[in-house]
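# Remarks on the overall topology
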Amino acid sequence: MNKAIDTITSSAVPLKHQNVDTDQIIPARFLKATTRDGFGKNLFRDWRYENDDETKPKAGFPLNDPAYHGSILVAGKNFGCGSSREHAAWAIRDAGFQVVISSFFADIFKNNALNNFLLPVRVTEGFLQRIFTETEKDPATQLLIDLPDQSVTILSTGEKQTFDISAYKKECLLNGYDDIDYLLSLKAEIESFETELVS
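Keep in mind it's a predicted model, so treat the numbers as computed, not measured.

## Notes on the pattern of salt bridges
Scanning the model with the defined rule gives ten salt bridges in all. For Glu136, the salt bridge identified is with Lys16, shortest N-O distance 3.7 Å. With Glu136 in helix 5 (residues 125-137) and Lys16 in the loop between strand 2 (12-15) and helix 1 (22-25), this residue pair connects regions lying 120 residues apart in the sequence. Its relative accessible area of 44% is what places Lys16 among the partly exposed residues. Close ionic contact of Asp52 with Arg29 constitutes a salt bridge, the shortest N to O distance being 3.4 Å.

Following this line, the structure appears as structure tokens:
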């Protein structure tokens, strides 16, 4: 899996639900695994299937609608609330999403997402509704996520909005670094500093 994120142009899957908690993202009964692989198939499990039966997908749920696809999940306000399970970010990333757009994220989910190479993009409520409108009007609508520019653009209309991200996490995502990778990238500078310190 390529972990680095730079610019992403993709259609989006709209999930208009608000207050989506981590138990809805990945139900607790699927938390037994200790590796990050395989969680994607159980993403929104209870919303996707009747009686937990994979042969009975619920009509109308966007992840079951073949018209919607892409690497961007667009969600309603207060996404990722509830318990602090990191598995929620694992499930979304394992399902093929690289970006989640919402007008508000729970802080713990936001941090877990950034630590797992999933970019949470916070936009205003008005801009979020514009994305929903354009995506529902045409499921093929393309969004441009530009991490260097810290912006999201609805390509069909040209509407654009910037988003905030910490400089540290931005550098990590651009380079595909986890915290250890980041420290290793500074190895030469650290060694130079240590040499100057003892000389």
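## A short note on the nonpolar core
Residues Ile25, Phe44, Leu73, Phe79, Ile92 and Phe109 are the most contacted members of the largest nonpolar core, which totals 26 residues. Ranked by residues supplied to this core, first place goes to helix 3 (residues 87-94) with five residues. Of all hydrophobic cores here, the second largest spans 24 residues; its members include Phe117, Val123, Leu147 and Phe163.

## Notes on the packing of aromatic side chains
Following the criterion strictly, the structure yields seven aromatic pairs and no others. Aromatic pair Phe44 and Phe61: ring centres 6.0 Å apart, planes at 65°, arrangement edge-to-face. Placement of Phe44 in the loop between helix 1 and helix 2 (45-48) and of Phe61 in the loop between helix 2 and strand 3 (72-75) is noted, with a sequence separation of 17 residues between them. One exposure class covers both Phe44 and Phe61, and it is buried. Taking 6.1 Å as the distance between ring centres and 65° as the angle between the ring planes, the aromatic pair formed by Trp47 and Phe61 counts as edge-to-face. Of this pair, Trp47 sits in helix 2 while Phe61 sits in the loop between helix 2 and strand 3; the two residues are 14 residues apart in sequence, bridging distant segments of the chain. By relative accessible area, which is 7% here, Phe61 ends up buried. Among the aromatic residues, ring-to-ring pairing joins Phe44, Trp47 and Phe61 into one connected group. Here the guanidinium or amino end of Lys16 rests over the ring plane of Phe132, the centre of that ring lying 5.5 Å away.

## A short note on the pairing of strand 2
Both faces of strand 2 are covered, namely the face carrying Ala12 and Pro14 and the face carrying Val13 and Leu15. Relative to strand 3, strand 2 runs parallel, the two sharing four bridges. The residue bridging Ala12 from the neighbouring strand is Ile72, located in strand 3.

## Quick look at the sheet that holds strand 6 (residues 143-146)
The sheet built from four strands is open, its strands ordered 1-6-7-8 with antiparallel pairing. Each edge of the open sheet carries a strand with a single partner, namely strand 1 (7-10) and strand 8 (159-162). Ignoring strand direction, the axes of neighbouring strands in this sheet form an average angle of 10°. Judged from the four bridges that link them, strand 7 (residues 151-154) and strand 8 form a sheet pairing that is antiparallel. Counted as the bridge partner of Ser151 is Thr162 from strand 8. With respect to the sheet, helix 5 is in contact with strand 6, strand 7 and strand 8, its orientation differing from that of strand 7 by roughly 35°.

Definitions and limits used
Residues numbered from 1 in each chain as written. Predicted model: local features only at pLDDT ≥ 70, side-chain atom pairs only at ≥ 80, totals over all residues. Heavy atoms only, no water. Salt bridge = Lys/Arg side-chain N within 4 Å of Asp/Glu carboxyl O. Helix = DSSP H or I, 4+ residues; strand = E, 2+ residues; numbered from the N terminus. Buried < 20%, exposed > 50% of the residue type's maximum accessible area, 1.4 Å probe, protein only. Core = buried A, V, L, I, M, F, W, Y, C linked by side-chain atoms within 4.5 Å. Phe/Tyr/Trp six-rings, centres within 6.5 Å; stacked < 30°, edge-to-face > 60°. Lys NZ or Arg CZ within 6 Å of the ring centre and 35° of its normal. Pairing = 2+ DSSP bridges. Axes fitted to C-alpha atoms, helices over the stretch in contact; angles between N-to-C directions. Contact = heavy atoms within 4.5 Å.

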